[in-house]
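Chain residues, written in single-letter form:
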Amino acid sequence: MVDLFGRELRKRQLVVAVLAKVVRLHGYEQVEVPLVERATSFSEEVVGRSPWPEWDSRGCFHLRAPDYPSSYEDAPDHTDVLLVPEGTISVTRWIGCRLAESPDMIFPVKLFYDMPCFRNEVVAELTGTKRRQFTQFGLEILGAEPGNSDVEAVYLITRCLEELGVAAGGTRVRVGDVGVFNRLVELSGLGPDAAIQVKEVLDAMAECKAGKAPERASGLLGRLAGVLDAGGVSRLPHDVWMGLAHAGDSVSFLRALHDSVIDERLDDLARLVHVLEALGVRVETDLCVVRSHEYYTGIVFEIDVVTEEYSHVEVGGGGRYDKLVGHFVPDGGVDRIPATGFAFGVERLVELLDHLDLLPAHRVLRSSIGLSESSAEKLVASGPGAQEYLSAVRIAAADRAAGHPVDIYLGVPDQVERYAESRKIPQTVSCEPQRADR
Ligand SMILES: N[C@@H](Cc1c[nH]c[nH+]1)C(=O)O
């Protein structure tokens, strides 16, 4: 975990502010959730069988919070909680509880959030953008059937990146459908543990195909063959799994099965791709895109930024999760609230924007969208007296009202110039003491 200050912090704030501006413009409302969440929200029943998050349950920070009933002298009860590893669970828990209070809630509900998340990454794997604390900017559309809501989620990803300066063709969205994966598991008679191993391999293969550490591919294919053999999978489904993992165009392997469930999913996927292309989104289909979170139920996608000289695979991802909200409606009774969404890893975004030179100093310091902290255009050189400060506030008021940041000097008197210089504040004005208004 790191401390952030100055330019680095402002970069992140700028990116989040741009993202928030885009999604607000599209009618999304911000939601803020706590940093801890009950461990029960992440139980296997809710989030599925694969270890959470990212294939290993040790990847979460678990805590036991003591609850003292009425004084610290009382023996405490305990609540098992964890530091949130992502936003979707908390947001769906919130909406589920709200739904119980107001059953006539009007759907869809369009939300976004910007929140710190925590994952206990292995120390040797920590990097500048893979840290144990990171920021997610996410968006959820709750209570909307598959179709246009998926289009909107994916389209907004491209709009967000465009607004940050990434050219439209630079954003690539890889789409798949976990419904296809689930059906193939069923057809090939794979047990739950084997299915999770296969899913993990496909997830990694999707990354390889997208260009991230492609040298892993042959090892992954070997591992897949091993899992399928150990699971006693018969010849045809065996070949389909291998072909799916291996192929650039995994759709044709699946079409060859002539299975109505799979065909229907592929038709929906083709429709989604068609609409996205009409919106100018660069989209590729890859059925190896399955995502690690098991709450997904349908369309899933991963977001890359790929230009001629630069490639960042997976700056974010998302998908449909039609069965999650129901788990959080107290007293049950709600089986399906269709929902979709995505999240960006903000640090990854900052890194790639930096790489593409899209966060130059003037943009970070003099952003037009509300980053005024300490990037003052003017310094009012106030002295230590209260009256001087009141004058300075009056002097600063007009500029501030017009949106120009003004800093009032609060240091020792003979250091004003050094201060202005070191903070690179272009203009310093002195202030004459005035009498305070009565
Ligand atoms: N919560 C998901 C992203 C997402 C948001 N909505 C749907 N999916 C993640 O952390 O990867």
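Everything numeric in this text was worked out from a predicted model, so none of it was measured.

Undergrad: Got a sec to walk through the site of the ligand? Specific residues and values, please.
TA: Surveying the vicinity of the ligand reveals 17 residues, the closest of which are Glu 86, Thr 88, Glu 140, Arg 291 and Tyr 296. Tyr 295 is positioned such that a nitrogen or oxygen atom in its side chain is 2.9 Å from a nitrogen atom of the ligand. In this structure, a nitrogen atom belonging to the ligand sits 3.3 Å away from a main-chain N or O atom of Phe 342. Relative to its unbound accessible area of 300 Å², the ligand is 96% covered by the protein chains.

Undergrad: Got a sec to walk through the pattern of salt bridges? Specific residues and values, please.
TA: On inspection of all chains with the given rule, the structure shows 35 salt bridges. Across the pair Asp 304 and Arg 172 runs a salt bridge, and its minimum N-O distance is 2.8 Å. Taken as a pair, Asp 304 in strand β9 (residues 299-306) and Arg 172 in strand β7 (residues 171-177) lie far apart in primary sequence, 132 residues in all. Among the ionic pairs, Asp 239 bridges to Arg 235, the shortest N-O distance being 3.4 Å. Here Asp 239 and its partner Arg 235 are both found in helix α8 (residues 235-246), 4 residues apart, which amounts to about one turn of the helix.

Undergrad: Explain the confidence of the model for the chain to me, using residue names and the numbers behind them.
TA: Low pLDDT marks regions whose predicted coordinates should not be analysed in detail. Of all residues in the chain, 96% have pLDDT values of 70 or greater, and the mean over the chain is 91. With pLDDT under 50 throughout, residues 367-374 is counted as low confidence; its partners more than four residues away or in other chains account for 15 contacts. For this predicted complex, the interface confidence reaches an ipTM of 0.99, while the overall pTM sits at 0.89.

Undergrad: Break down the sheet that holds strand β1 (residues 29-30) for me, with residues and values.
TA: An order of β1-β5-β6-β11-β10-β9-β7-β8 is seen for the 8 strands of this open sheet, with the pairing classed as mixed. The sheet is open, and its two borders are formed by β1 and β8 (282-285), each paired with just one other strand. The sheet contact formed by strand β6 (residues 133-142) and strand β11 (residues 339-345) spans 7 bridges and is antiparallel. Counted as the bridge partner of Leu 139 is Phe 342 from β11.

Undergrad: Give me the lowdown on the nonpolar core, citing residues and values where you can.
TA: Counting residues in each nonpolar core, the largest one holds 113 residues, and the members touching the most others are Trp 241 and Phe 344. Ranked by residue count, the leading element in this core is helix α6 (residues 192-210), at 9 residues. When residues no more than four places from it in sequence are discounted, the contact partners of Trp 241 are Phe 181, Leu 184, Val 185, Ser 188, Leu 190, Val 198, Leu 202, Leu 224 and Leu 228.

Undergrad: Account for the side chain of Glu 302, naming residues and giving values.
TA: Mapped onto the fold, Glu 302 is located in strand β9. Of the polar contacts made by the side chain of Glu 302, one reaches the side chain of Arg 291; its length is 3.2 Å. If we skip the residues at most four places from it in the chain, Glu 302 touches Arg 172, Val 173, Arg 174, Asp 203, Val 289, Arg 291, Glu 314, Gly 316 and Gly 317.

Undergrad: Residues and numbers for a nonpolar patch on the surface, please.
TA: Taken together, the side chains of Leu 35, Val 36 and Leu 63 make up a nonpolar region of the molecular surface, amounting to roughly 220 Å² of accessible area. Its place among the elements puts Leu 63 in strand β3 (residues 62-67). Accessibility expressed as a relative area gives 39% for Leu 63, which makes it partly exposed.

Undergrad: Describe the packing of aromatic side chains, and please don't skip the residues or the numbers.
TA: The tally for this structure, following the rule as stated, stands at 9 aromatic pairs. Measuring from centroid to centroid gives 4.9 Å for Tyr 295 and Tyr 296, while their planes differ by 65 degrees, and the two rings are edge-to-face. A residue is classified by how much of its surface remains accessible, and Tyr 296, at 7% relative accessible area, is buried. Taken together, Phe 42, Trp 52, Tyr 295, Tyr 296 and Tyr 321 form an aromatic cluster joined through their ring pairs.

Undergrad: Lay out α8 in plain terms, naming residues and giving numbers.
TA: Compared with an ideal rise of 1.5 Å per residue, which puts 12 residues at 16 Å, α8 spans 16 Å between its outermost C-alpha atoms and is within 8% of the ideal. When we look at burial in α8, the residues that qualify are Pro 237, His 238, Val 240, Trp 241, Met 242, Gly 243, Leu 244 and Ala 245.

Undergrad: Residues and numbers for the UniProt feature "binding site: L-histidine" (unreviewed entry) in the chain, please.
TA: With numbering matched to this structure, UniProt assigns "binding site: L-histidine" (unreviewed entry) to Glu 86, Gly 87, Thr 88, Arg 119, Gln 136, Glu 140, Arg 291, Tyr 295 and Tyr 296. Of note, Glu 140 is situated in strand β6. Judged by its relative accessible area of 1%, Glu 140 falls in the buried class. Sequence-distant contacts of Glu 140, that is, excluding residues within four places in its chain, are made with Tyr 28, Thr 88, Val 91, Val 109, Lys 110, Leu 111, Tyr 113, Tyr 321, Thr 340, Gly 341 and Phe 342. One polar contact links Glu 140 to Thr 88, side chain to side chain, over a distance of 2.9 Å. You can see Tyr 295 is positioned in the loop between β8 and β9. Its relative accessible area of 5% is what places Tyr 295 among the buried residues. Setting aside chain neighbours within four positions, we find Tyr 295 in contact with Val 47, Trp 52, Glu 86, Thr 88, Ile 89, Arg 320, Tyr 321 and Leu 324. There is a polar contact of 2.5 Å between the side chain of Tyr 295 and the side chain of Glu 86.

What counts and what doesn't
- Residues numbered from 1 in each chain as written.
- Predicted model: local features only at pLDDT ≥ 70, side-chain atom pairs only at ≥ 80, totals over all residues.
- Heavy atoms only, no water.
- Near = heavy atom within 4 Å.
- Polar contact = N/O pair within 3.5 Å; in protein donor to acceptor, adjacent residues only side chain to side chain.
- Areas by Shrake-Rupley, 256 points an atom, 1.4 Å probe, with all protein chains shown as cover.
- Salt bridge = Lys/Arg side-chain N within 4 Å of Asp/Glu carboxyl O.
- Helix = DSSP H or I, 4+ residues; strand = E, 2+ residues; numbered from the N terminus.
- pLDDT = per-residue confidence, 0-100.
- Contact = heavy atoms within 4.5 Å.
- Pairing = 2+ DSSP bridges.
- Core = buried A, V, L, I, M, F, W, Y, C linked by side-chain atoms within 4.5 Å.
- Buried < 20%, exposed > 50% of the residue type's maximum accessible area, 1.4 Å probe, protein only.
- Patch = residues over 30% accessible without salt bridge, like charges linked within 9 Å, V, L, I, M, F, W, Y side chains within 5 Å.
- Phe/Tyr/Trp six-rings, centres within 6.5 Å; stacked < 30°, edge-to-face > 60°.
- Expected span 1.5 Å × (residues − 1).
- UniProt positions renumbered as here; feature names shortened; annotations may be inferred.

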